[in-house]
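Now for the letters of each chain:
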Amino acid sequence: MVLEGDETLGAEGGGRAAAPAPDGGGGLFMGTTNNRLGFEWVAVSKRRLYAGAALLVLAASACVGLYLRLPHDGGAGGRELHPAAARFNLVEGEVRVVRGETREVVRAGAVMAVRPGDTVETLDAARAVITLADGSTLEVSPNSLVTISENAGAREGTASRVRVALGRGRLEVSTEEQPAESSNTVETRLTKNRLAARTEASFDVFDNSSEEVRVGAGSVVSEMPAGRTTIGPEEHLALGRGGEVRRREPLLDAPVLYDPPHAARVVAREREQMSVTLQWTRPLARLSVTYRVEVASSPFFVAPGLLFEREGLASTRLVLTDLPPGNYFWRARSISEAGQASAWGGPQRFTILTDSAEAR
């Protein structure tokens with residue numbers, strides 16, 4: 001084989017030149033010439049040869065890159081852990097990621113990966129949902145700070161290892177079924193909490209350095225200054241700023257909001273300010289409780305969108321008056337005599353329209 005433009009020689013130096021291709025020099029197979037000894041020569045375009053070589057180099061580079069990105073068992077029956085990036089499932093509002101290696105601050109996006117060492121920060125009107133390597137999910141509430149400390153998944157039933165740290169705010173965690181010896185841990189300043197499989201739990205770190213743990217389902221083994229304890233399903237634990245246990249009691253149910261129903265449209269007469277009656281259910285637990293109700297112009301209930309707040313309510317009914325047309329969000333929570341606050345019921349939305357706007 002020779003390059004086009006070079007001299008083509010036979011076995012004795014007197015062979016004929018290769019015949020041109022029918023298309024004038026365009027194909028990989030250009031033509032043949034037979035010499036007296038029966039050799040067959042193929043002429044190939046330099047341009048085609050160089051292009052083919054470039055494609056081979058690109059393909060090899062892609063294969064190497066893919067190999068480096070894939071997890072590797074490292075022998076020993078495939079039981080070695082492999083790292084995996086966490087992924088955002090949901091980003092609402094301004095969510096920032098501080099890269100652990102470079103300390104670069106980037107704005108989170110729905111397809112962004114979060115690596116071990118990275119910190120996720122949600123601002124006032126923001127929240128994020130993150131899936132970790134073991135299939136568990138984190139819901140990061142507004143004004144919260146969470147660091148992904150460790151995120152190693154597993155294959156074929158082997159152990160996984162996940163660990164996050166809550167610096168401030170609120171974190172809700174939901175775990176999936178876990179292979180034996182796996183670990184899913186949430187750390188705070190005061191506690192180290194290991195979550196069992198199929199557990200629903202939330203963790204709060206308040207501005208005054210006190211903390212709370214709520215377990216809705218499953219169980220959490222918590223290590224704290226007072227020792228180790230297991231928090232079972234439907235249980236609430238509150239810690240003082242020094243790590244002392246302030247309260248431990250059954251989990252208080254959140255109120256169920258039922259009137260007005262979600263996405264209700266309330267029609268008012270033109271230029272008339274409207275009154276709306278809010279109603280919710282009493283918790284099933286036989287506890288003496290009061291309620292806190294908030295009404296806002298956004299579902300995040302942060303200033304300046306917070307329009308109304310009232311606590312210490314004994315009734316499950318509240319009438320709001322003089323509301324102008326617009327969209328409103330409301331929520332309510334129960335508070336026990338001991339001071340435990342339930343999760344929020346809601347938010348639910350209702351809209352006040354003028355009769356002229358409804359007609360359109």
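Each chain has its residues counted from 1, running along the sequence as written. Totals for whole chains, interfaces and linings use all residues, but because this is a predicted model, local features are given only for residues with pLDDT of at least 70 and pairs of side-chain atoms are given and counted only at 80 or more. Calculated side-chain values reflect all of the structure's heavy atoms, with hydrogen atoms and water omitted.

Explain the overall build of the protein chain here, please?
In DSSP terms, a helix is any run of H or I states spanning at least four residues, a strand is any run of E spanning at least two, and both are numbered starting from the N terminus. Across its full length, the protein chain carries two helices and 29 strands. Working definition: with a 1.4 Å probe on protein chains only, accessible area under 20% of the residue-type maximum means buried, over 50% means exposed, and in between means partly exposed. Residue burial in the protein chain is summarised as follows: out of 360 residues, 41% are buried. Contacts: residue pairs with any heavy atoms within 4.5 Å of one another. Of all intrachain contacts in the protein chain linking residues separated by at least 6 positions in sequence, the fraction that spans at least 24 positions is 51%. Working note: accessible area of the protein chain is about 19700 Å², and carbon and sulfur atoms make up 52% of it. Every accessible area reported is derived by Shrake-Rupley at a probe size of 1.4 Å, with residue values counting cover from the shown protein chains alone.

Would you explain unusual backbone geometry in this entry?
Peptide bonds are, in most cases, trans, and in most cases residues other than glycine have a negative phi. With an omega of -5°, the peptide bond running from D259 to P260 counts as cis. In this structure, R198 takes a positive phi of about 55° despite not being glycine. Along the chain, R198 falls in the loop between β15 (192-195) and β16 (200-205).

Which parts of the structure should I look at to understand the environment of A152?
Inspection of the secondary structure puts A152 in strand β12 (residues 144-153). C-alpha separation for the pair A152 and A86, spaced 66 residues apart in sequence, amounts to 9.7 Å.

What is the right way to look at the sheet that holds strand β22 (residues 257-259) in this model?
Two modes of strand pairing occur in sheets, parallel and antiparallel, and in both the strands are linked by backbone hydrogen bonds. Strands are labelled as partners when DSSP assigns at least two bridges between them. An order of β22-β24-β27 is seen for the three strands of this open sheet, with the pairing classed as antiparallel. Since the sheet does not close on itself, it has two edges, and those belong to β22 and β27 (317-323), each with one partner. Each adjacent strand pair in this sheet contributes to an overall mean axis angle of 30°, direction not counted. Sheet analysis places strand β24 (residues 274-280) next to β27, joined by five bridges and oriented antiparallel. Within the sheet, the bridge partner assigned to T277 lies in β27 and is V319. Only the contacting stretch of a helix is used when fitting its axis, a line to C-alpha atoms as for every element, and angles between N-to-C directions run 0 to 180 degrees.

Is there a simple way to explain the confidence of the model for the protein chain in this structure?
Caution applies to low-pLDDT parts of the model: their predicted coordinates are not meant to be read in detail. Across the chain, each position has a pLDDT score giving the predictor's confidence in that residue, from 0 to 100. Here the protein chain averages 80 in pLDDT, and 72% of its residues register 70 or above. Across the protein chain, element-level confidence peaks in β15 with a mean pLDDT of 98 and bottoms out in strand β1 (residues 2-3) with 36. The low-confidence segment residues 1-42 (pLDDT under 50) makes 52 contacts with residues lying over four places distant or belonging to another chain. Contacts for the low-pLDDT stretch residues 64-82, under 50 throughout, to residues beyond four places or in other chains number 21 contacts.

Even after reading the chapter, I still don't get the packing of aromatic side chains, so can you show me in this structure?
Think of a pair of aromatic rings as described by two things: how far the centres are apart, and how the planes are tilted against each other in angle. What counts as a ring pair is set by centres within 6.5 Å for rings of Phe, Tyr and Trp (its six-membered ring), and what kind of pair is set by the plane angle: stacked under 30 degrees, edge-to-face over 60, tilted for all other angles. Using the criterion set out here, one finds three aromatic pairs in the structure. With a centroid separation of 6.2 Å and 55° between ring planes, the pair formed by W280 and W330 is classed as tilted. Residue W280 is located in strand β24, and its partner W330 is located in strand β28 (residues 326-336); the two are separated by 50 residues in the primary sequence. Centre to centre, the rings of Y328 and F350 are 5.4 Å apart; their planes meet at 20°, and the pair counts as stacked.

Help me understand the pattern of salt bridges, please; the structure alone is not making it clear to me.
A side chain with one charge may pair with a side chain of the opposite charge, provided their charged atoms come close. The working definition used for a salt bridge is a side-chain nitrogen of Lys or Arg within 4 Å of a carboxyl oxygen of Asp or Glu. Counted according to the given criterion, the structure contains 21 salt bridges. Across the pair E94 and R96 runs a salt bridge, and its minimum N-O distance is 3.4 Å. The class of E94 is partly exposed, set by a relative accessible area of 32%. Between R99 and D118 there is a salt bridge; the shortest N-O distance is 2.6 Å. Here D118 lies in the loop between β8 (113-114) and β9 (119-122) and R99 lies in the loop between β6 (95-98) and β7 (105-107), a separation of 19 residues in the sequence. Like D118, R99 is buried.

Looking at this model, I keep getting lost on the sheet that holds β28. Mind explaining?
Read across the open sheet, the five strands follow the order β23-β29-β28-β25-β26; overall the sheet is mixed. Single-partner strands in this sheet number two, and they are β23 (264-268) and β26 (306-313). Here the strands of the sheet are splayed against their neighbours by 20° on average, with no regard to which way each runs. Where strand β25 (residues 289-296) lies against β26, five bridges are found, and the strand directions are antiparallel. If you follow Y291 over to β26, its bridge partner there is L313.

Would you take a moment to explain the side chain of R292 for this structure?
Mapped onto the secondary structure, R292 falls in strand β25. Side-chain polar atoms of R292 contact the side chain of E294, separated by 2.9 Å. By the criterion applied in these results, polar contacts are pairs of N or O atoms within 3.5 Å in which, for protein atoms, one can donate a hydrogen and the other can accept it, and in which residues neighboring in sequence qualify only through two side-chain atoms. A distance of 2.3 Å separates the side chain of R292 from the side chain of E309, its partner in a polar contact. Those residues within four positions of R292 in sequence are excluded, and the remaining contacts are E309, R310, E311, R331, A332, R333, I335 and W344.

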